[in-house]
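Spelled out, the chains give:
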Amino acid sequence: MTLTAETSRPSVTAAAGRARRPRLLPRVAPYLQAAPLTVALLLFLLVPILTIVAVSFWDYDSVRIYPDFVLTNYTELLTSPVTWKTYLNTLKYAALTWAITLGIGFTVAYFLAFHVRSTTWQMVLFLVCTIPFWTSNIIRMISWIPFLGRNGLLNSGLISAGIIDQPLEFLLFSDFSVVLAFVHLYALFMVVPIFNSMMRIDRALIEAARDGGASAAQTLWNVILPLTKPGIAIGSIFVVTLVMGDFITVRLMSGGQSASIGLMIANEISLLQYPAAAANAVVLLAVVLIMVVAMLRVVDIRKEL
């Protein structure tokens, strides 16, 4: 009996270990799956942001940077009227671009989703919409200069047709050209999520609305638009965040006559004013996050993710 009990103990321990492993693995597996993404986010997102925040409190002069903890950069930034005017100008660009791209994106997505019956043609036309975006942003921006210039194609055509007597000066190197370039660059970011939301709408709901006597406008307003709100929110986040941080478009299309927060940060970096640029970047990040949180409060986009 003694020998049997002693020889049975290892087998009981081994069985208990095998029973414990299957229970432990399901608990650890999700953490192991999330570990690579967590490490990547820490290294390439959190660490750079913390570095920028730390540098924003440093001091500097014309030639050197001093590791320190001062509030001078934020004080000078937030008390300067130039900063407030620049933020208002950037918000104006973002609002105008958002409104125009929303109109274009919703119209294009609605046509592709509800007026093009063939799935093949939907994909073909959608790819046609993406063709201009296969080239560099800078090339697409520069292409507007010979078209909108004083002696460009548009002014020359209008003068030849007798519509105007002299070239239109506001077409290039103005807020009009900046917003036009933004719309050209970022319209696709509004089309794609809205089109994706519309393709998920159950067509039976639209048929039920029509059978119930709803007009096309009522169906659009009461059925299609509410179900498309998550896609609109995602597109809005893309467009607003891209415009708020853009500086190349403002620099090229305004001819140096307009400013944005991104351009201000780029100028500070070119002058080696890294702590001031970091403080400006932190404030810009806070403003953009507030705007994104406000959008997420209005629309729940989890159903689109």
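All values reported here derive from a predicted model rather than from experimental measurement.

Our focus in this paragraph is the pattern of salt bridges. For the structure shown, the criterion picks out three salt bridges. Taking the shortest distance from any N to any O, the salt bridge between K92 and D175 comes out at 2.8 Å. Of the two residues, K92 sits in helix α3 (residues 81–115) while D175 sits in helix α8 (residues 175–186), which places them 83 residues apart along the sequence. We note a salt bridge from E169 to R150, for which the minimum N-O separation is 1.8 Å. Here R150 lies in the loop between α6 (145–148) and α7 (153–160) and E169 lies in the loop between α7 and α8, a separation of 19 residues in the sequence. Judged by relative accessible area, which is 52%, E169 ranks as exposed.

Mapped onto the present numbering, the UniProt feature "transmembrane region" (unreviewed entry) falls at residues 28–58, 93–112, 124–147, 176–195 and 274–299. Taken end to end, residues 93–112 is 100% helix and 0% strand, and its two terminal C-alpha atoms sit 28 Å from one another.

Our next topic: the nonpolar core. I194 and M198 are the most contacted members of the largest nonpolar core, which totals 53 residues. Element by element, the count of residues in this core is highest for α3, at nine residues. For I194, the residues in contact, after removing those within four places along its chain, are L102, G105, F106, A109, T228, G231 and I232.

What follows deals with a nonpolar patch on the surface. Where nonpolar side chains cluster on the molecular surface, the patch consists of L37, L41, L45, I49, V53, L285 and L289 and spans about 570 Å² of accessible area. Residue assignment for the nonpolar patch shows that the elements contributing at least two residues are α1 (2–55) and α14 (274–298). Considering every element that reaches the nonpolar patch, the biggest residue donor is α1, with five residues. For V53, the location among the structural elements is in helix α1. For V53, a relative accessible area of 30% puts it in the partly exposed group.

About the criteria used
- Residues numbered from 1 in each chain as written.
- Predicted model: local features only at pLDDT ≥ 70, side-chain atom pairs only at ≥ 80, totals over all residues.
- Heavy atoms only, no water.
- Salt bridge = Lys/Arg side-chain N within 4 Å of Asp/Glu carboxyl O.
- Helix = DSSP H or I, 4+ residues; strand = E, 2+ residues; numbered from the N terminus.
- Buried < 20%, exposed > 50% of the residue type's maximum accessible area, 1.4 Å probe, protein only.
- UniProt positions renumbered as here; feature names shortened; annotations may be inferred.
- Core = buried A, V, L, I, M, F, W, Y, C linked by side-chain atoms within 4.5 Å.
- Contact = heavy atoms within 4.5 Å.
- Patch = residues over 30% accessible without salt bridge, like charges linked within 9 Å, V, L, I, M, F, W, Y side chains within 5 Å.
- Areas by Shrake-Rupley, 256 points an atom, 1.4 Å probe, with all protein chains shown as cover.

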